[in-house]
Amino acid sequence: MRKILVFLRDYKKESVLGPLFKLLEASFELLVPLVMAAIIDVGIKQGDRGYILKMCGVLILLAVIGLTCSITAQFFAAKAAVGFAAKLRHALFAHIQSLSYTEMDEIGTSTMITRMTSDVNQVQSGVNMVLRLFLRSPFIVFGAMVMAFTIDVKAALIFVVAIPVLAVVVFGIIMITIPLFKKVQAGLDEVLGITRENLSGSRVIRAFHKEEEEIEAFYEHNQTLTSLQLYVGKISALMNPLTYVIINAALIALIWTGALRVDKGFISQGEVVALVNYMSQILIELVKLANLIVTVTKAVACGNRIESVLSLHGSMEDGKEEAGAEAADYAVVFDRVSMRYKGAGAEAVSDISLKVKRGETIGVIGGTGSGKSTVVQLIPRFYDVSGGVVCVNGRDVREYKLEKLRERIGIVPQKAVLFAGSIRENMQWGKRNATDEEIWEALTVAQAREFVEKKEGMLDAGIEQGGRNLSGGQRQRLTIARALVGRPEILILDDSASALDYATDAALRRAIREMKNAPTVFIVSQRAASILHADQILVLDDGEVNGLGRHEELLKTCEVYREIYYSQFSKEEEVCGQ
Amino acid sequence: MKQSEKKRSQRETLSKVFRYIKKYWFYLILSIILAAVSVVLTLYVPILTGDAIDYIIEEGFVEFGPILAILKKMAVVVLFTAVAQWVMNICNNKMTYHVVRDIRMEAFEKIEHLPLAYLDSNSHGDIVSRVIADVDQFAEGLLMGFTQFFTGVVTILGTLFFMLAINIKITFVVVLITPLSFVVAAFIAKKTFSMFQLQSKTRGEQTALIDEMIGNQKVVQAFCHEREAMEQFDEINERLKKCSLRAIFYSSTTNPSTRFINSLVYAGVGVTGALAAIRAVSGFSVGDLSCFLSYANQYTKPFNEISGVITELQNALACAARIFELIEEEPEVSDAQDAVSLKHVDGSVDLEHVYFSYTPKQRLIEDFNLNVKPGQRIAIVGPTGCGKTTLINLLMRFYDTDKGQIVVSAHPIRSLTRESLRSAYGMVLQETWLKHASIRENISMGKPEATEEEIIAAAKAAHAHGFIKRLSNGYDTVIGEDGGSLSQGQKQLLCITRVMLCLPPMLILDEATSSIDTRTELRIQNAFARMMKGRTSFIVAHRLSTIREADIILVMKDGHIIEQGNHEELLAGGGFYANLYNSQFAK
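These remarks concern the structure in this document. (Residues numbered from 1 in each chain as written. Chains lettered and ligands numbered in written order. Predicted model: local features only at pLDDT ≥ 70, side-chain atom pairs only at ≥ 80, totals over all residues.)

## Observations regarding the overall build of chain B
Stage number 1. Secondary structure summary: chain B contains 21 helices and 10 strands in total.
Stage number 2. Counting all 587 residues of chain B, 55% fall into the buried class.
Stage number 3. Considering only residue pairs separated by 6 or more positions, chain B has 80% of its internal contacts joining residues 24 or more positions apart. (Helix = DSSP H or I, 4+ residues; strand = E, 2+ residues; numbered from the N terminus. Buried ≥ 20, exposed ≤ 12 C-beta atoms within 10 Å, placed from the backbone. Contact = placed C-beta atoms within 7 Å.)

## Observations concerning the interface of chain B and chain A
Stage number 1. Residue-level contacts link 144 residues of chain B with 140 residues of chain A.
Stage number 2. The biggest single contributor to the side of chain B that touches chain A is helix α3 (residues 64-113) of chain B, with 26 residues.
Stage number 3. Considered class by class, the residues forming the side of chain B that touches chain A number 72 nonpolar, 46 polar and 26 charged. (Nonpolar A, V, L, I, M, F, W, Y, C, P; charged D, E, K, R; others polar.)

## Looking at the sheet that holds strand β8 (residues 536-540) of chain B
Residues and elements named next belong to chain B.
Stage number 1. Strand order in this open sheet of 6 strands is β6-β7-β8-β3-β9-β10, and the pairing throughout is mixed. A strand with exactly one partner marks an edge of an open sheet, and here the two such strands are β6 (425-428) and β10 (560-565). Here the strands of the sheet are splayed against their neighbours by 15° on average, with no regard to which way each runs. (Pairing = 2+ DSSP bridges. Axes fitted to C-alpha atoms, helices over the stretch in contact; angles between N-to-C directions.)

## Some remarks on the nonpolar core
One recurring pattern in soluble globular proteins: nonpolar side chains tend to sit buried together.
Stage number 1. Counting 283 residues, the largest nonpolar core has I247, L275, M279, V364, A481 and I492 of chain A together with F292 of chain B as its most contacted members.
Stage number 2. Residue contributions to this core peak at 22 residues, all from helix α2 (residues 49-98) of chain A.
Stage number 3. Ignoring sequence-local partners within four residues, the contact set of M279 of chain A consists of I247, A250, L251 and L254 of chain A.
Stage number 4. The next biggest cluster of nonpolar side chains, apart from the first, holds 72 residues, and it includes L395, I413, M427 and A464 of chain B. (Core = buried A, V, L, I, M, F, W, Y, C linked by C-beta atoms within 7 Å.)

## Some words on the packing of helix α5 (residues 136-151) of chain A against helix α6 (residues 153-200) of chain A
All names here are of chain A.
Stage number 1. Packing of α5 against α6 leaves a shortest axis separation of 7 Å and a crossing angle of 160°. One finds that α5 runs roughly antiparallel with respect to α6. Viewed along their axes, α5 and α6 form a crossing whose handedness is left-handed. Listed contacts from α6 to V141, M145, A148, F149 and I151 of α5 are V153, A155, A156, F159, V160 and I163. (Parallel < 35°, antiparallel > 145°, perpendicular 65-115°, else oblique. Left-handed = near helix turned anticlockwise from the far one by under 90°.)

## A word on the environment of W25 of chain B
All names here are of chain B.
Stage number 1. Mapping W25 onto the fold places it in helix α2 (residues 25-54).
Stage number 2. For W25, a count of 10 C-beta atoms within 10 Å translates into the label exposed.
Stage number 3. Taking the C-alpha atoms as reference, W25 lies 8.7 Å from M95; in sequence the two are 70 residues apart.

## Brief notes about the packing of helix α4 (residues 109-134) of chain A against helix α7 (residues 179-215) of chain B
Stage number 1. Following both chains from N to C, one finds α4 of chain A and α7 of chain B inclined at 145°, their axes separated by 10 Å at the closest point. The two elements α4 of chain A and α7 of chain B cross, and the hand of that crossing is right-handed. Of the residues in α7 of chain B, those touching α4 of chain A at T109, M112, I113, M116 and T117 of chain A are T207, I210, D211, I214 and G215 of chain B.
Stage number 2. The residue inventory of the contact of α4 of chain A with α7 of chain B, partitioned by class, reads 5 nonpolar, 4 polar and 1 charged.

Spelled out as structure tokens, the structure:
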């Protein structure tokens, strides 16, 4: 929690002034019983009406000052809390974005989303409450005690006993509930996870008519959450009654002591009333404090969860090189590269060596889980190698600044993801401020021009979140166009033409080849037809290179390649194809 | 008018909330009774204190006997109060969390029964935010309402009664000034409701963005789009900051304002009380004044609380309204009253003059006719976006046709229960979806009672057994969110295994094998071929090798069937299909 409080830094003024004004307000409030004691001991005893009215004026004055101070305090507190939350969200978002693929695989999306939304909200209201009340309440409690001392030392000793006992009860309950609130939050995460899962899997769930079972599973988790909440609630529910009992026990002691002291002539009746008033002021503050503690406990729990995300460091260190050496002969070189995913037992790929000249097309083919995607994901440095070196333009990818490296590379991932916004906005992901002309050019190459032209508004046509309003094939072509807009030096198609029919796929490949300054292209595919004409074909089997060469060579020398090829083409078609 | 409309909708939301609470009437009544008991006892303490003070007059004039008796009484009262408070708190917790559980449950059930059209066209992040964040916020408001509203009201009434019993005139001072605090609180609450609504809406917007950007972080990073995402985020964040500040600040002025009115009441009581004590009218003593002063505190405190609760409830109601919006969303047309369960599936499927479109503006499928005989294999081909996936949506009745009907085994599908219709199909979709559960649970989704042998046999048939065995916990390996660390191809193999296990009479395969290498695919094809024997199957695939053996090939374009026939016929016809086929090896 401490670490995230640095985000209050920019609101130092507010976070000091807020509590300060609260303290001012509280100080004036502490004067009230004294004024009242004066009314009783002076005004009533002497029957002085003028004095009573004058004191009444003083009370109203105190109230006005109190109001001004407290509204000022509320404003500063709200400003600091809201500003703090905005900063925190910003920092969190930025931080999550800086995490590498490895950490993202680890944490999971829904966790990060809860951290950014409900957790931050809880922390915000926690901070707000703390600024408003956590100083004020203890101040009143201790202030009341101090005031009691000014009246009578012996009576005040009761305050000295009562307050620590109260503190033990209040803080004891907090200590017990904090870890429990963590559990509640985890339960909530669970419920959130199921909800998300059911939204994304609605088709499959319905196809298997699993609705009732999912509802049942949800019911169970929901029930667990509820019983946890009830359990925590039961403990927190002790707070009010316990504090009430302690305060009133103190009150009883106070009256008794007061009676003794008045009898001996140490204090007056009015002063007993003042002492009683101070005691009830403490009670009121404590009730407030107890209610707020629940909020703050939750906030601290949430804050710690946020902090644990913030303290998670990206496993990847950014390079320093701004620009690459342009003169290298080879666009991409793999030198005995191996890579192991975090937490995985075996290497995903091992001992891969490959040299790719500028402008070449490389096909990567192999079975499911053979490491095809892993290989190409190493080029833009989505993951770091665990052995060997990957070079782009003659320089180790780890030396580049990530942004500079990735600028050169256009990647089309397996999963065709688009974002809510217009087609133009989506295309501009590839290049900021890309002109319409550039976009149309890319769309043409990606074979997407035709259907985009048919859309109402063309480039302005809206895309819904995730591209739901487009078919799989349309999405894929748009993601390809998006990668092309930036005119990358290296283009990676990671099995990204799977939803395209053969004709479109072929036309796409031809168009890419015919581009001006055609990029170096990596095509990962299951289809032999897609990579048939590549300059080099890398055949992977279980993470290792099984063959490397042109189609004709591989057909003769590489068993795995041959098997793949003939599983897709019968011999006769091979003839007519050539 | 807008005001009154808002008020009405607020009242409606409130009455809906009460419908949920009604179930827990026992706790509600118990809570109210205990609130009354604890409040009355609490109010009795100042009277006792006042009485005691009246026995402490000055030096030498203190009567210890009666004081002791009073203090003993006080101790008993205090203990009873504490117990009542505790039990009341527990009742309130029970009520709140059960209501929240019920609402969340209902929201989730609704998600399961909403038409897919709704799920397809609404941001998932927003729906999630309703089920989680809004419900949570609502719970908080409701709990605060329960714990403070009753006690508040009872305290006000109780204090009024006790005060009247002591002194009518001073009571009037209190009663005349305090309503001001209601007025102030109501005024602020009214002003802030729309601010809270705006805050809620902006939050929803932000959640949707977060869901999108964080959910697809890998793409964001691949395009170095972090900065833009950040800008977009900051823009919303800035707006949220502004509207939150307004909502929070304005609503937080309630407390100081009402407290100010408290102080006025306090001063008023002090003066009139002191004056009365001087005149010593109707035996008004210093003890009475002390009692009145503490009442003045207690009487106005619930006003503060109630007004605080009201702002909180405003917020809670705004959240509740968003949840109810989801809960009240029109569900899928439920199965017809006389819907029959599809029992003997012969495998015939007829589409008769089917019309369908997602939006009225864009017509998609028009006058579509198709007659499928039992056991036939239907391949659907065509350029991307031609309506192939739509056809599946209609067959499975994820969407209903606009006009015309689909008949399965001589039953129009609208007359069948969805469950029986859907379980007649085995479906493998382009988008692989797996549950966050063990591999075993995922595979046995369609047949929970399957034995270990059956599961392994199915996995072997789908060529998934090999890689499953290599996972750390084999069949008990728990798959992470969104399929976790499995590759796209492995996920697809699992989806196929899922269907292999239950072997329904009809099959729908949408791009089923696009992410599987062809060697594995070849083996799966064989398994599929066995599986498809005697089963009507619809295959959407781009691989012509898959399609070649189909009985009917539907060539679709722009939602229409432009050609229909088997491979040889279509090739001979020299139409669209022939072009498509010949382009397979185009350079």
